[in-house]
Structure formats: C-alpha cells, structure tokens
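# Survey of secondary and tertiary structure
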Amino acid sequence: MARGKFQTLTEQMFYILLCLRQERCGADVMAWVAEATGSRVAVGPGTLYNLLEQFLQAGYIRETKVEGRKRSYVLTPTGREALEAEARRLRQLTADYERLMEIGRRRPMKHTKREWMPLYSFLDRKRVTDHLADMAARGWMLDRLGTWSWHYRRTEPKQLRFAVTFFAGAGRFSPAPAAGLDTFQDYCAQAGWHRAASSDQVQVFFSEDPAAVPIDTDPAAELENIRRSIGKPMIRNYLALLLLCLLEVAFQCYQIWTDPVDTLASPTALLAATAYLPLLVLTLASLLLYHRWQRRAEAAVEAGLPLPDLRSARGLGILVLMWSGLLIAGLFASISRSTGMVILTIGMVLFFALVYFLANAARKALQRLRCPPWANLLVIVGICIAMFAGGTTGLFALMIRNAGSGWLEDHPPVETYTAHGMTWSVYADPIPLRVEDLVDIDYDGWSTEADVEWSPLAAHGEYRQDARLGDGDLPELRYEIVTVKLPFLYGLCKRDFIQWVERDNDQLPMEYWEEYRTVTAAPWGAEEVFQRYSGAEPVNQFLLCWPDRMAEVKLPWDWSLTADQMAVIGEKLLHA
C-alpha cells in the first residue's frame, strides 16, 4: 500500500491508530474508540476490517497473535510516524484557524511586510536564499532591499529557488540603471531566472524551475566578479570606517589622558569613549572574515569547486545593536534631568535623519539623471556640509540667545535677579562645606550650587557658594571633590590637578611659575596636602589627598587659615 493514500487520515483511521499504541484485538478497538470519543466517532465492523487490512499492507500495524478468530494488532514505528504527522497537521490547521480568525477580527490582512535589520551578509548566499525561499513558501515574496530592512509583498505560497549574484556596474553612486544591467537580466530571464529585488551591486533572482541552470557556473569568473563588484568597494568602506573608529578611540584616550577627572566621572564622556568600540570590533572582524573567505575561495577555484559562503556575523551584529541601544539609553538617562538637553538631543536626531533623507533622495535623483559617480558623490558631500554648517550655526545661535536662561541645566535656579544689566541665577543646592562653617557671618542671600557627576570609575563634584552682586564684599567659596573608585586611576586624577596649575609655566619666567608645593598635612586630617604657589607667594588654594579621594579648595585670598579651620575643611570634605 503506497504511503500517499494516508497523507490525510479520516477520524476512524486516526483513532484506530491511536488505539493501537497498545496491543488490542478488533472488538477492543471498536469499544475503545467509542469510549474515548464519547460515542462521537463510531467504527463499524466492516470499516474496521477493511482499515486493518490496509494498515497491515502499508506497514502501519503488525499482527501480534491469533487466538481462534481473535486477532490482535499493535502500532509499528511507521504507523507511529503517520499518526504523529496527522497530529501535527491537525495542530497546524487549528493554529492557522486561530491566527487567521484573530487577524480577521483585528484588521484586514496585510499585503506587505517589512523585515527589519536582517543582518545577513550577501556573500552568505545559501542562508540568504534559504531564508527567501522559506518566506516565499509562506506567501511572502521579496520585493525590495532597503538599507535597514527587506520589503515583501503577499503572494500565493510557492516553492521557489533564489540566487544572489552581483553586477559590478551598479554602484551606490553610479547612474541607474547601470549600463549592461538590462542585458544581464535578459540573459538570466532566458535561463529561467527572474529579478526579485536589487540593492546597488547586489542582484536577487528567483526561479520556479528546480532544474534551472545556476546563474554563475564558472567559479573563477564568479570570484573575479565578486572582487570587482563588492569586494574592493567593501574593503575601501571598511578601511575608512576602521580609520574613523581608530581616530575616535585615539581621541577618547587622549581625553582621558589630558582631562581624566572630567572624563572618568562623566557618564556621557564614558559612553562616547566606548561608543565606537563595538563598531571597531565588527569592522575588524568583517575584514578578517573576508580575507579568510578570499583564501578559501581561491583554493576552491584552483580545485574547480563552487565558491564557499562567507558566513554572516549575525551574532556580532546583534551584540553591536544591543550595545548601541544601551548607549542610546545611557545617553538619555544621563541628560534626563535637563528637559532642554532632551529636547535638543531629539532635535539633533531628527536633524540627522533629515540630512540622511535629503542626501539619499538627491543621490537617487542624480542616479536617474545618469550623472557620473564623482559628480553624484560631490553633490551629496556638498549637501551634507551645507546642512551641517547651517545646523551648527543655528545651534550656536540658539544657545547664545538662551544663555543664562537655565533651559539646558539639569536643575533650575530657585530664583533670578538683575544686576549690572544682566540676569543672574540663585541656587539652593546642599553643599558639604559652607562659608558659615569657617567664619561667623550674618547673611541669608547665598547662592549654593552643586554640580555632581558620577560613573562606575569616579565621582566628581564641583561646589560653589556666592553672595549676590551688590550685597557687599562677602567671602566666596569654590571647591571640587573627586572620589576615585579604581586605585590605578588615582595617580592620573591627582596629576590632572597638579598639571592644570602648572599648564602655562613653559611660557613664564621661573620666578612667576605656578605650582603646587607640599605642606604639613596633619592639621587638615589628610594624608597629603599641597598648597598653590604663584612664584614665591603662597595662594589660598589647597589640594587635599586621601587614599581614594582628593579635594581642591579655593578660599578667599585674604584669609589667614587657623588650625581649626583646616580641621573643619578636612573633616567636611572627607565625609562629603
């Protein structure tokens, strides 16, 4: 009995096979089916006899024993496979019913579909073509290849073959359609291959003929075509991207070396420092994988074998996307306290999107006008430069116009006042050390401001206490506190404070040098204390150092500090 007869089982067939998972005779089968289905399904003796004979011939069941007229049967592995296949079919029918009925209740059936970030390398051709064939079998035909997504249209489900090939003349900035592309597509059509979609050099074809001759049959010519069409442009692009990443990483390292305190304590700066690392890893990995693929492809050509595929680095791509998402989330978290910064950041993102949209639209228009690639590229670069110049000018004008309004600050002032024709802000932030802790003074108009940043590497707080302009000659206080969370970064941060004081000494005579000199640390309660000197004159600026913390405090120039004041300063700044 041919297997094809039982591709779809009737209810009686299904329950008889289900019953014979255990050894039973014919009478027991009829009784079991009636009981299992609540008498909904009945198997008559004639039907039972005929089906048991057919199942025996098909190898679905086997006879186990004969006792007079009583014959017993049990399911075979082949029969179990048929039973499980029917169960899967029924489950799929139910799932399709639920899905389609739910879609019908919610909205009309969609006729287009978009697949975001497929993350396939077009040199990973088997995986790409298998994926497209699977989509076609489910009724979705590839319609367009976008930069960030693939577009499909709904069709009748079909078993199709797909092929990915490349056309060297169809570059990103080349005239469209490229010269010779129509002829190439005609050759493919005569061989049974029809264009599905394309993106620059990448051409995707499909065929309904399982025996259609492959588009590329000569491995040597195919490899040379790949090198000319996508290999060389891809290497140039990756090298340019690699150079950009290395320059950015070098710049961020330079920032950490020259300004470690502000950089290490700033979440935004650390995010910027690590933003290009995943892209750098992905670029290096792509170059290495392509180099290894070339060697394997050359070996295949010498052996007369088909070219191997370059496996897609989808896992690494997903990690880069996840890291990018974390960076964006971290950026918005770091600026979330400032409504103005959030609005400004969103505006910049929209501006970049507008630049991309206009540049891409101009590129496509110039391709249709058949402008040469160099002219197309020159126009796109000019558009980008002009828009970025205009955007930067507008941004600076906006910031200058709103300077002093506090719209970019992460905390608004409690009030403002006018003095000398300008508007000044007054803050009431809690600060660890106040002027009143050091001297007796009767004044309640202070502005106390704290600007604190912290990261997993360091915390940096800048504090100031100011009197209002016009309220007399009152003392003011400035100090910074840095907590270093990794010991090996401590010396770098300490050097930052010292070198900042000494930064202009190479332009001054030695008698005017600015420098920090060690002074007695005991009155301050610190392990090490430096005082700033301007030439031979001491200045009321001190750098206090503890094992994991340092503080730089600037006091009024005319104060003569007592031991009690030093102790109070050290105590307050140590436990801030």
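Let us look at the structure shown here. Keep in mind the model is a prediction, meaning the values are calculated, not measured.

### Observations concerning helix α5 (residues 125-137)
Over its 13 residues, α5 runs 18 Å from end to end, which matches the ideal 18 Å to within 8%, given 1.5 Å per residue. Restricting attention to buried positions, one finds in α5 the residues R125, V128, T129, H131, L132, A133, M135 and A136. Turning to α5, the residues buried within the fold contact β4 (112-116), β5 (140-145), β6 (149-154), β7 (161-166), β9 (202-207) and α7 (219-258).

### Let's talk about the environment of A567
Structurally, the position occupied by A567 is in helix α14 (residues 563-574). For A567, a relative accessible area of 36% corresponds to the partly exposed category. With 41 residues separating them along the chain, A567 and A526 place their C-alpha atoms 9.3 Å apart.

### What to know about helix α3 (residues 45-58)
Each α-helix turn comprises 3.6 residues. Residues three or four places apart therefore point the same way. In this model, α3 (14 residues) spans 20 Å end to end at C-alpha, consistent with the 20 Å of a helix rising 1.5 Å per residue. Of all the residues in α3, the buried ones are L48, L51, L52, Q54, F55 and A58. Axial view of α3: buried residues confined to an arc of 165°, hence all on one face. Within α3, the exposed residues directed more than 90 degrees away from the buried face are P45, Y49 and Q57. The first or second residue beyond α3 is G59, which carries a positive phi of 80°.

### Brief notes about the sheet that holds strand β13 (residues 458-466)
One open sheet holds the 7 strands; their spatial order is β12-β13-β14-β18-β17-β16-β15, and the pairing between them is antiparallel. Unpaired on one side and paired on the other, β12 (447-454) and β15 (514-519) mark the two borders of the sheet. With direction set aside, neighbouring strand axes in the sheet form an average angle of 20°. Bridging between β12 and β13 involves 8 bridges; their strand directions are antiparallel. Residue pairing across strands places S447 opposite D466, the latter belonging to β13. Sheet strands touched by helix α13 (residues 490-501): β14 (477-484), β15, β16 (528-534), β17 (537-545) and β18 (549-554). Its angle to β18, the strand with the most contacts, is close to 20°.

Conventions used here
Residues numbered from 1 in each chain as written. Predicted model: local features only at pLDDT ≥ 70, side-chain atom pairs only at ≥ 80, totals over all residues. Heavy atoms only, no water. Helix = DSSP H or I, 4+ residues; strand = E, 2+ residues; numbered from the N terminus. Expected span 1.5 Å × (residues − 1). Buried < 20%, exposed > 50% of the residue type's maximum accessible area, 1.4 Å probe, protein only. Contact = heavy atoms within 4.5 Å. Arc of directions from axis to C-beta. Pairing = 2+ DSSP bridges. Axes fitted to C-alpha atoms, helices over the stretch in contact; angles between N-to-C directions.

Everything listed here is a matter of coordinates, which is why it stays silent on function.
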